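Structural characterization, general
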Amino acid sequence: MTDQSDNKNTNITMRAGIRRRDLMAASLAGAVALAGTRAWAQLGPTVPDHCVPPIPPGQPVAFTPVANAPLRARKSAFELSDPEIDKLKSAYAALRNLAQQSPDDPRNWFHQGQVHCWYCSGALDGLWGTEIHGSWWFLPWHRAYLFFHEQVLGSLINDPTFALPYWDWDTPGRDVFPFKTYGQPNDASNPLSDKSRAAGPNDRIPSQFVGDGMMQRVLGAATFTDFGGSSDQAAQNQMGILEGGPHGAVHVWTTDPKLDWNNPKPDMGVLASAAFDPVFFAHHANIDRIWDKWIKVPQSQHANPNSQAWLNQGFFFYDQAKNWNYITNSQMLEPELLSYRYQPPQQQQPATPVAAAAPPGPRPQVRLAQAPQLSAPVVDLSQGGAAKTLTPDPSSVRAALPQESRQRLNAAGTMAATPGKEQHVILRIEGVEIPSDRGALVNVFVNKPDATAATSTEDPAFAGTIAVVANQAPGAAGHAHPVVRNFGFDITRIAAQLGNASDITVTLVPATGAGEKPSAVNLRYNRIYIATRQ
Ligand code: C2O
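All of the points below concern the structure found in this document. As the structure is a computational prediction, the values presented were derived from the model and not from experiment.

This paragraph deals with the overall build of the protein chain. Each helix and strand in the protein chain was counted, giving 15 helices and 17 strands. For the protein chain, with 534 residues in total, the buried portion stands at 58%. Long-range pairs, those at least 24 residues apart, make up 78% of the contacts in the protein chain with a sequence separation of at least 6. For the protein chain, the accessible surface area stands at approximately 21,000 Å², while carbon and sulfur atoms represent 51% of it.

Turning to the nonpolar core, a few remarks are in order. Grouped together as the largest cluster of nonpolar side chains are 102 residues, with contacts concentrated most on Tyr145, Trp167, Trp169, Phe227 and Phe317. Apart from the residues within four sequence positions on either side, Phe317 is in contact with Val115, Trp141, Ala144, Tyr145, Phe148, Asn323, Trp324, Asn325 and Ile327. Grouped together as the second largest cluster of nonpolar side chains are 37 residues, Leu409, Val425, Ile466 and Leu523 included.

Moving on to helix H3 (residues 82-101). With 20 residues, H3 extends 28 Å between its outermost C-alpha atoms, agreeing within 8% with the 28 Å of an ideal straight helix rising 1.5 Å per residue. What H3 keeps buried is the set Ile85, Leu88, Ala91, Tyr92, Ala93, Leu95, Arg96, Leu98 and Ala99.

Moving on to the sheet that holds strand S12 (residues 440-446). One open sheet accounts for four strands, arranged S10-S15-S12-S13; its pairing is antiparallel. Looking at the sheet topology across the chains shown, the edges are occupied by strand S10 (395-400) and strand S13 (462-468). Across the sheet, the mean angle from the axis of one strand to that of its neighbour is 15°, orientation sign disregarded. The pairing of S10 with strand S15 (residues 503-510) spans six bridges and is antiparallel. When the bridges of S15 are listed, Ala399 appears paired with Ile504.

Moving on, we come to helix H8 (residues 212-220). Gly213, Met214, Met215 and Val218 are the residues of H8 that are buried. Elements that come into contact with the buried residues of H8 comprise helix H7 (207-210), helix H9 (224-228), helix H10 (241-255) and helix H12 (279-295).

Here we come to the packing of H3 against helix H5 (residues 138-156). Helix packing geometry: the angle between the two helix axes and the distance between the axes. Between H3 and H5, whose axes approach to 8 Å, the crossing angle comes to 95°. Between H3 and H5, the crossing angle belongs to the class labelled roughly perpendicular. On H5, the residues that touch Ala91, Tyr92, Ala94, Leu95 and Leu98 of H3 are His149, Val152, Leu153 and Leu156.

Within the secondary structure, Gln208 is located in helix H7. The class of Gln208 is buried, set by a relative accessible area of 10%. A distance of 2.7 Å separates the side chain of Gln208 from the side chain of Asn443, its partner in a polar contact. In contact with Gln208, other than residues within four places in its own chain, are Met214, Asn443, Thr457, Thr465 and Gly513.

What follows concerns the sheet that holds strand S4 (residues 314-318). If you trace the three strands from one edge of the open sheet to the other, you get S1-S5-S4, paired in mixed fashion. A strand with exactly one partner marks an edge of an open sheet, and here the two such strands are strand S1 (61-62) and S4. Summarising the sheet, S1 and strand S5 (residues 324-328) pair through two bridges and their orientation is parallel. Across the sheet, Ala62 pairs through a bridge with Tyr326, a residue of S5.

Moving on, we get to the state of the cysteines. Going through the model one piece at a time under the given rule, you end up with one disulfide. Each sulfur of the disulfide joining Cys51 and Cys117 lies 1.8 Å from the other. On the sign convention where negative means left-handed, the S-S torsion of about 90° between Cys51 and Cys117 marks this disulfide as right-handed. Remark: Cys117 occurs in helix H4 (residues 109-118) and Cys51 occurs in the loop between helix H2 (20-34) and S1; sequence separation between them is 66 residues. In terms of burial, Cys51 and Cys117 fall into one category: buried.

Each aromatic ring pair is characterised by the separation of its centres together with the angle its planes make. One pass over the full model with this rule turns up 31 aromatic pairs. Ring geometry for Phe63 versus Phe147: centroids 5.5 Å apart, planes at 80°, classification edge-to-face. Of this pair, Phe63 sits in the loop between S1 and strand S2 (72-74) while Phe147 sits in helix H5, and the two are 84 residues apart along the sequence. Side by side, Phe63 and Phe147 carry an identical accessibility label, which is buried.

Residue position: Ser502 is located in the loop between helix H15 (492-495) and S15. When sequence neighbours within four positions are dropped, the list of residues in contact with Ser502 reads Ala400, Leu401 and Arg406.

Once that is clear, we can look at the pattern of salt bridges. Enumeration according to the criterion identifies 25 salt bridges in this entry. In this structure, Lys87 and Asp159 form a salt bridge, with 2.5 Å as the shortest nitrogen-oxygen distance. You can see Lys87 sitting in helix H3 and its partner Asp159 sitting in the loop between H5 and helix H6 (179-182), a full 72 residues away along the chain. Here Lys87 falls in the partly exposed class, since its relative accessible area comes to 32%. The buried category is assigned to Asp159, whose relative accessible area is 13%. Between Arg527 and Asp380 there is a salt bridge; the shortest N-O distance is 3.0 Å. With Arg527 in strand S17 (residues 527-533) and Asp380 in strand S8 (residues 379-380), this residue pair connects regions lying 147 residues apart in the sequence.

Criteria and cut-off values
- Residues numbered from 1 in each chain as written.
- Predicted model: local features only at pLDDT ≥ 70, side-chain atom pairs only at ≥ 80, totals over all residues.
- Heavy atoms only, no water.
- Helix = DSSP H or I, 4+ residues; strand = E, 2+ residues; numbered from the N terminus.
- Buried < 20%, exposed > 50% of the residue type's maximum accessible area, 1.4 Å probe, protein only.
- Contact = heavy atoms within 4.5 Å.
- Areas by Shrake-Rupley, 256 points an atom, 1.4 Å probe, with all protein chains shown as cover.
- Core = buried A, V, L, I, M, F, W, Y, C linked by side-chain atoms within 4.5 Å.
- Expected span 1.5 Å × (residues − 1).
- Pairing = 2+ DSSP bridges.
- Axes fitted to C-alpha atoms, helices over the stretch in contact; angles between N-to-C directions.
- Parallel < 35°, antiparallel > 145°, perpendicular 65-115°, else oblique.
- Polar contact = N/O pair within 3.5 Å; in protein donor to acceptor, adjacent residues only side chain to side chain.
- Disulfide = S-S within 2.5 Å.
- Phe/Tyr/Trp six-rings, centres within 6.5 Å; stacked < 30°, edge-to-face > 60°.
- Salt bridge = Lys/Arg side-chain N within 4 Å of Asp/Glu carboxyl O.

See the structure below:
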């Protein structure tokens, strides 16, 4: 344990390119800047100068789940009763008060938000830890983060059953901001509010991101790589469809319902500041719930990665007793291993309480599977080796489709549903690079060269979306590295329809997601190709 943790500590410091003494200085500076300057009743956007976590008091402790802990039932933010909303308010009030009374307490509101900033390319000082976005760390890291956050909140109000709500933007009719629970942005008396939110009562999250079509793609993703991302040899730095679709869009939409991806706005619209808004945790509870839903899709082969590198990876968090914990992915494969569960949305029916007190049944079987490998490229659409830079206008790349390649893609397309022989056709877009203070949205179509920002993503030619939330607020880019991501879209269904085509076209369409063409886009990419996968 200690050896491994030592390594992890060194790893974090080394990757950040800083020494322990710098950590100390940066942490102190953060605390001083905070003391006495922020009243939680007046919250504007919080763009931190420093995100270095408080110095751990000693060695981390290995996380051990509490035996027979009461089950926490996470409910929709749209279904909380008034007393439940009050409880949520008092928990966040306590968290914010702690930031004023004990600026150094690692549990306090500011440090909770800072943790997220540290793991997503850091603050204005250019210091950061391991990047947990755009890869297969995204889902487990946020699961653990929410778990410790929830424990801290519960302990501050002495309620071991306290549960975070989830913002179920995917439930029909709930593609709106949960005002009743999270309050109006200018309500300075509400500890759940945040001035930086801009979504109004008449704004809806575009259906491209949270409508039926998108949710079917998300829940139908065949592998964890497609769904939750990958960092293994076959697909490094790959962002999954859940992160790259609804996740990013809801971040951006909350502070900018017009979705200008190239001009990101804190808090929610920028990863470094997002977790300073309490609604972040409801948004991510929904992401976590959808992971749980995906794994449990009936009759599916959906599974978490069985790679030791993934299972044994761990993360550090302060718990409610200020202990510095080390928790591994294998300890959080199922919500019930962490003593919480999701009460499904009750929609219009009267809410029936989930059996929160019921004794937990037999430990769920956690399905694991190996990430399938991609074949060598069947069609390469990269023209020359140089990176391509996008403009706001759609751009297409075309490649000849010799008979042999066409047959391979067609065959894979038609084998898609043959049990034991399933094949998938994957469109890979590699080396997508965006300045760290910009976000971007690009809709990708196959064999639809006239696609525009207004073309529906329900069109059969739609392959997938590149959606990247900015790491930092505009102006901070000089301090940090650009963001580089890879994408893999399952285009099996499109491949089955190729017919006798003698060439194939991939069209990249910068968009807002609300049907508009953006005024600017900052994105280049290296390579586009198509491959097959068993
Ligand atoms: Cu860590 Cu929604 O981002």
